[in-house]
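# Results of the structural survey
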Amino acid sequence: MWKIPLCDLHFGPEEAQAAADVVASGWLTMGERTQAFERALGEAFGTTGVLAMTNCTAALHLAYLAVGVGPGDEVICPSLTFVATANAALTTGADVVLADIVGPDDLTIDPADVERKITKRTKAITVVHYAGYPCDMDAILAIAERHGIAVIEDAAHAPLATWKGRALGTIGDVGCYSFFSNKNLSTGEGGAVAARTEELRQRCKLLRSHGMTTLTLERHKGHAFSYDVVLAGQNYRIDEIRSAIGLVQLGRLAEGNRMRRAVVTRYRERLGALDRVHVPFRDFEVRGVGESAYHIMPVLLPEGAPREAVMAAMKARGIQTSVHYLPIHAFSFHGTSERVRRDNLDRTDVLAPRELTLPLYPRMTDAQVDEVCAALDASLREVFPG
Ligand SMILES: *Cc1c(COP(=O)(O)O)cnc(C)c1O
């Protein structure tokens, strides 16, 4: 349907084989593939705290519960993120305080605004490594330490990305990953947490599976015949089919991220010729603070350009585009709820309406990048001669 889609799976026949092997084995959940997937993720991220989950929204909910977020508390997160970052906090009964972004070159959460919005009720800060680029974790950790509050990392865009040598998702108290079908590592639906301490990992593990103290695999192996329930948990487990696919996908992740980087480099070269289009994170590598996972390719259209018309003009040329994101405070619920604080979001209000996401996936060719850039130039001339 699309000549150039927004994203594309980085799959081979091995994923199908891995899934088929699980089905043939007859053991579909809570088994050794999930344990192997968690071990392999831990090795890749440099931590022993990884637990695989049903999706990242569940991972975020568990992360909030694990650090003790609940009714009466406040969680600060950016407004420019997928709504799950905030909804998972609201689900615990906590209120959400939305923070602004740094600016047109860095669409991640602004630490200075976070600090301004801290109150006696603030329990956690959730950062989002937007598009795979790390937030200023030094500033965030310093603020969190000063005020004695937890840090959650929404690393849905950022598996294997780093901040000063450390994997994103392993720097705060709990990091959350998504393996949704359009993410860098894909299992269809899927996710994981990385817990900084063994205590947090144990809490997440209990919360993931009903608060039960022993699990099916251990009982099956005769290691345990009974169990206790020590808290009111959820069922946020992943299954063996997804874990098996995830293991294969993890083996492709580093290469996929490198391929994404090459695509982004080409984009920056080509988009440099379009003086009306601004490219956020363009000088990220020059700052030398870490590595991106290059999850998406955001650009900022000229102020006042009709974004929907640009998207339609791109569509007419066979090119799929998207928006990351409609800010959370623009939604009917979050824009009116008394449980969401949404003051002083000026940069988000100015920049979010200008954001357009261009196609990006590992196997995208230079010719395809060039075609997208030419189409963007032509589409802009067409709908916004300016
Ligand atoms: C995709 C995404 C999520 C939700 O992940 P699911 O696995 O689909 O639940 C949360 N936060 C961000 C920033 C995301 O991009």
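Please read all numbers here as calculations on a predicted model, not as lab measurements. (Residues numbered from 1 in each chain as written. Predicted model: local features only at pLDDT ≥ 70, side-chain atom pairs only at ≥ 80, totals over all residues. Heavy atoms only, no water.)

Space inside the largest pocket adds up to approximately 580 Å³. Taken together, 33 residues form the lining of the largest pocket, with F82, H157, N182, K183 and Y325 sitting closest to its centre. For the lining of the largest pocket, the elements supplying multiple residues, two or more each, are α3 (56-66), α4 (84-91) and β15 (355-358). A class-by-class count of the residues in the lining of the largest pocket yields 17 nonpolar, twelve polar and four charged. (1 Å grid on protein atoms, 1.4 Å probe; cavity = no way out; pocket = protein on both sides within 12 Å on 5 of 7 lines; lining within 4 Å. Points joined across faces, edges and corners; volume = space filled by probe spheres on them. Helix = DSSP H or I, 4+ residues; strand = E, 2+ residues; numbered from the N terminus. Nonpolar A, V, L, I, M, F, W, Y, C, P; charged D, E, K, R; others polar.)

Moving on to the packing of helix α1 (residues 13-25) against helix α9 (residues 240-271). For the pair α1 and α9, the least separation of the axes is 8 Å and the interaxial angle reads 150 degrees. As summarised for this structure, α1 and α9 are arranged roughly antiparallel, according to the angle between their axes. Viewed along their axes, α1 and α9 form a crossing whose handedness is right-handed. Between α1, through E14, E15, A18, A19, V22 and V23, and α9, the contact on the second element is made entirely by E240, I241, A244, I245, V248, Q249 and R252. Looking at the contact of α1 with α9 residue by residue, the class counts come to eight nonpolar, one polar and four charged. (Axes fitted to C-alpha atoms, helices over the stretch in contact; angles between N-to-C directions. Parallel < 35°, antiparallel > 145°, perpendicular 65-115°, else oblique. Left-handed = near helix turned anticlockwise from the far one by under 90°. Contact = heavy atoms within 4.5 Å.)

For the rest of this paragraph, the subject is unusual backbone geometry. Omega for the bond connecting H324 with Y325 falls within 30 degrees of zero, at 5 degrees, which places this linkage in the cis form. Residue position: Y325 is located in the loop between α11 (307-316) and α12 (332-336). Although it is not a glycine, M30 adopts a positive phi angle of roughly 55 degrees. Position of M30 among the secondary structure elements: in the loop between α1 and α2 (32-45). Of note in this structure, L160 is not a glycine but carries a positive phi near 80 degrees.

Take the environment of D113 next. Relative to the assigned elements, D113 resides in helix α5 (residues 111-116). You can call D113 buried: its relative accessible area is 2%. Separated by 37 residues in the primary sequence, D113 and I76 have C-alpha atoms spaced 9.9 Å apart. If sequence neighbours within four positions are ignored, D113 has contacts with A99, D100 and N344. (Buried < 20%, exposed > 50% of the residue type's maximum accessible area, 1.4 Å probe, protein only.)

The subject of this paragraph is the pairing of strand β2 (residues 74-78). The element β2 is extensively covered by neighbouring structure, given that five of its five residues are classed as buried. Residues of β2 alternate between two faces, with E74, I76 and P78 on one and V75 and C77 on the opposite face, all of them buried. Strand direction decides the pairing type here: β2 and strand β3 (residues 95-99), joined by five bridges, are parallel. Along β3, the bridge assignment pairs P78 with A99. (Pairing = 2+ DSSP bridges.)

Here we take up the sheet that holds strand β10 (residues 174-178). The eight strands lie next to each other as β1-β11-β10-β7-β6-β2-β3-β14, forming an open sheet whose pairing is mixed. Strands at the two margins of the open sheet, each flanked by one partner only, are β1 (50-53) and β14 (340-341). As defined by bridge partners, strand β6 (residues 122-128) adjoins strand β7 (residues 150-154) across five bridges and the pair is classed as parallel. By the bridge assignment, T126 is partnered in β7 with I152. Strand contacts of α2: β1, β10 and β11 (191-195), with the helix running at about 130 degrees to β1, the strand carrying the most contacts. Along the sheet, α3 makes contact with β1, β2, β6, β7, β10 and β11, crossing β10 at roughly 170 degrees.

So, about the site of the ligand. As a matter of local geometry, the ligand sits amid 15 residues, with C56, T57, D154, S178 and K183 nearest to it. Taking K183, its side chain carries an N or O atom lying 3.3 Å from an oxygen atom of the ligand. A class-by-class count of the residues in the shell around the ligand yields six nonpolar, seven polar and two charged. (Near = heavy atom within 4 Å. Polar contact = N/O pair within 3.5 Å; in protein donor to acceptor, adjacent residues only side chain to side chain.)

With that out of the way, let us pick up the domain arrangement of the chain. The domain architecture assigned to the chain consists of domain 1 (13-249) and domain 2 (254-383). A separation of 25 Å is found between the C-alpha centroids of domain 1 and domain 2. Across the boundary between the two partners, domain 1 contributes 46 residues, which contact 42 residues of domain 2. Between domain 1 and domain 2 lies a buried interface of about 3,700 Å² when both sides are counted; carbon and sulfur atoms form 56% of it. Here domain 1 and domain 2 share three salt bridges between them. Between D110 and R347 there is a salt bridge whose closest N-O contact spans 3.2 Å. (Domains from an automatic or database assignment. Buried area = accessible area lost by both parts, 1.4 Å probe. Salt bridge = Lys/Arg side-chain N within 4 Å of Asp/Glu carboxyl O.)

Here we take up the nonpolar core. L41, Y267, L271, M297, L358 and L376 are the most contacted members of the largest nonpolar core, which has 78 residues in total. Structurally, this core is a two-domain feature, drawing no fewer than three residues from each of domain 1 (13-249) and domain 2 (254-383). Counting residues in hydrophobic clusters, the runner-up holds 38 residues, among them A86, V96, I328 and L345. (Core = buried A, V, L, I, M, F, W, Y, C linked by side-chain atoms within 4.5 Å.)

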